[in-house]
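So you can see what is in the structure, the chains are spelled out below.
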Amino acid sequence: METKIRDVCREFKIKGEYLSYEEITIGNVNKTYKVNFRNDDGSVSSYVVQEVNTYVFKSPEQVMENIANVTEFIHSKKPDELSLHYYHTIDHKTYIFDKTGFWRLFNYIPSATYNVCDDLEIVCNAGTAFGEFQMLLSDFDASKLHETIPHFHNTIKRYEKLIADANDDPCGRLKEVKEELEWLLSVKDKACTMTRMRNNGELPLRVTHNDTKINNVLFDKKTKKALVVIDLDTVMPGLVGHDFGDAIRFATNYVEEDCKDYEKAGVNLDVFTAFTKGFIKQTVHTLTENELNTLALGGFVLACELSTRFLDDYIIGDKYFKIRYPEHNLVRTRCQIALAKDMLTKMDRMNEIVMTFAKQYR
């Protein structure tokens, strides 16, 4: 592996004396390595080499084309500030695709990351980072991006698949999940609101990150300020409310998304307020009224959508999501449903928080 990593770096025109590499174990999809080189002046430079999972990403060239377009556009907006930089090969490609795999290389940024966090300053700064991402790309033509995962947040289609698989009941599990299925169907109309609005032209297509967890933001270790948004593999055209909603779904929940004590799931409004403050401050001048009005709804939509995906996977025999025990997807389903129910009870307050910051920063 060391020889291959060194050869990859040379393909990307990295100069200097190769020193070492170490695997970065954060992340569940791609294989990631930090690689160190000594420069001619004696200083050490570090880079990130990744082997992209081509089973997950069926069209990795399109993934890289999206990433290159977005990162270069962001860099053009703030050329003197820190940003992700993907290196090019001699033939000016941002990747190597050979018999050993699909490889890319970008700059290593010393930083801190957080899988979960109850520090409201850091949460606010995460909201700022994802908000800035939206703001900087607000005038990028999202239709120029590849839809690398078709219908990723098409909630209508997610429900259609759940219903079809429940009718087929291939593993005989439907009898175990009738209560969960019944509740999800009872809120289907509300959960599909944003997809329906998009189909009717009431919400604009934006560049969306589609994995807006707090651990996809790098932070300064000393100041806690956000440095850069990372993990751009799922950048696609989409709705800003889906990005905001997924961040809220993940960050505000009192418990992990697969907590067996799922009745404890719910929205921490202090965390919601902190994230929303940072996000709205950056985006308020770029969002339409319909987008602002559906931000809080986005959390509920994403909780329901993920519930349909977990439940559907359980019904068909756990084919998509990795499970650690037989009922894992069912536990995930119940936890997301509990979160969605709590969001419904707090929706008015969540909308008030959004509008308060919108008025403050306009």
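This structure is a prediction, so every number in the text was calculated from the model and none was measured.

**A few points about the overall build of the chain**
For the chain, the count of helices and strands is twelve helices and nine strands. Computed over its C-alpha atoms, the radius of gyration of the chain comes to 21 Å, within 12% of the 21 Å expected for a compact globule of 362 residues. If one aligns the C-alpha atoms of the chain with their principal axes, the spans along those axes are about 65 × 50 × 35 Å. Counting all 362 residues of the chain, 54% fall into the buried class. Taking as baseline every contact in the chain between residues at least 6 positions apart, the subset at least 24 positions apart corresponds to 73%. Counting every atom, the chain has about 17,100 Å² of accessible surface; 48% of that belongs to carbon and sulfur. Positive and negative side-chain charges in the chain, numbering 47 and 55 respectively, have mean positions lying 1 Å apart.

**A word on helix H3 (residues 120–136)**
Along its 17 residues, H3 runs 24 Å from first to last C-alpha, staying within 8% of the 24 Å computed at 1.5 Å per residue. H3 sits mainly inside the fold: twelve of its 17 residues count as buried. Those residues of H3 lying buried are Ile122, Val123, Cys124, Asn125, Ala126, Gly127, Ala129, Phe130, Gly131, Phe133, Gln134 and Leu136. On the buried face of H3, the contacting elements are helix H2 (60–77), strand S6 (206–208), strand S7 (217–219), strand S8 (226–229), helix H8 (240–251) and helix H9 (269–283). Near the N-terminus of H3, the side chain that reaches the backbone nitrogen of Glu121, with its oxygen 3.0 Å away, is that of Asp119.

**Digging into the sheet that holds strand S3 (residues 44–52)**
The strand order across the open sheet formed by five strands is S1-S2-S3-S5-S4, and the pairing between neighbours is antiparallel. This sheet does not close on itself; its edge strands, each paired only once, are strand S1 (17–24) and strand S4 (96–98). Across this sheet, the average inter-strand angle for adjacent strands is 25°, counted without regard to direction. Inspection of the sheet shows strand S2 (residues 31–38) paired to S3 by eight bridges, in the antiparallel sense. When the bridges of S3 are listed, Arg38 appears paired with Val44.

**Considerations on the pattern of salt bridges**
Summed over the entire model, instances satisfying the criterion amount to 20 salt bridges. Notably, a salt bridge pairs Arg206 with Glu291, separated by 2.7 Å at the nearest N-O pair. Residue Arg206 is located in strand S6, and its partner Glu291 is located in helix H10 (residues 289–293); the two are separated by 85 residues in the primary sequence. With respect to class, Arg206 is no different from Glu291; both count as buried. Across the pair Glu289 and Arg362 runs a salt bridge whose closest N-O atoms are separated by 2.4 Å. Within this pair, whereas Glu289 is found in helix H10, its partner Arg362 is found in the segment after helix H12 (328–361), the two being separated by 73 residues in sequence. Within this structure, Lys161, Asp165 and Asp312 form a network of salt bridges that share partners.

**Observations concerning unusual backbone geometry**
For residues that are not glycine, phi is negative in most cases, and the peptide bond is trans in most cases. If you check the backbone angles, His92 has positive phi at about 65° while not being a glycine. Under the relative-accessibility criterion, His92 is labelled exposed at 60%.

**Notes on the state of the cysteines**
Within this structure, the stated rule accounts for zero disulfides. With no disulfide of its own, Cys124 lies closest to Cys117 among cysteine sulfurs, the gap being 12 Å. For Cys124, a relative accessible area of 16% gives the class buried. No disulfide involves Cys259; its sulfur sits 5.8 Å from the nearest other cysteine sulfur, which is in Cys335. The class of Cys259 is buried, set by a relative accessible area of 19%.

Criteria and cut-off values
Residues numbered from 1 in each chain as written. Predicted model: local features only at pLDDT ≥ 70, side-chain atom pairs only at ≥ 80, totals over all residues. Heavy atoms only, no water. Helix = DSSP H or I, 4+ residues; strand = E, 2+ residues; numbered from the N terminus. Rg over C-alpha atoms; globule rule 2.2 N^0.38 Å. Buried < 20%, exposed > 50% of the residue type's maximum accessible area, 1.4 Å probe, protein only. Contact = heavy atoms within 4.5 Å. Areas by Shrake-Rupley, 256 points an atom, 1.4 Å probe, with all protein chains shown as cover. Lys, Arg positive; Asp, Glu negative; His and termini not counted. Charge placed at Lys NZ, Arg CZ, Asp CG, Glu CD. Expected span 1.5 Å × (residues − 1). Polar contact = N/O pair within 3.5 Å; in protein donor to acceptor, adjacent residues only side chain to side chain. Pairing = 2+ DSSP bridges. Axes fitted to C-alpha atoms, helices over the stretch in contact; angles between N-to-C directions. Salt bridge = Lys/Arg side-chain N within 4 Å of Asp/Glu carboxyl O. Disulfide = S-S within 2.5 Å.

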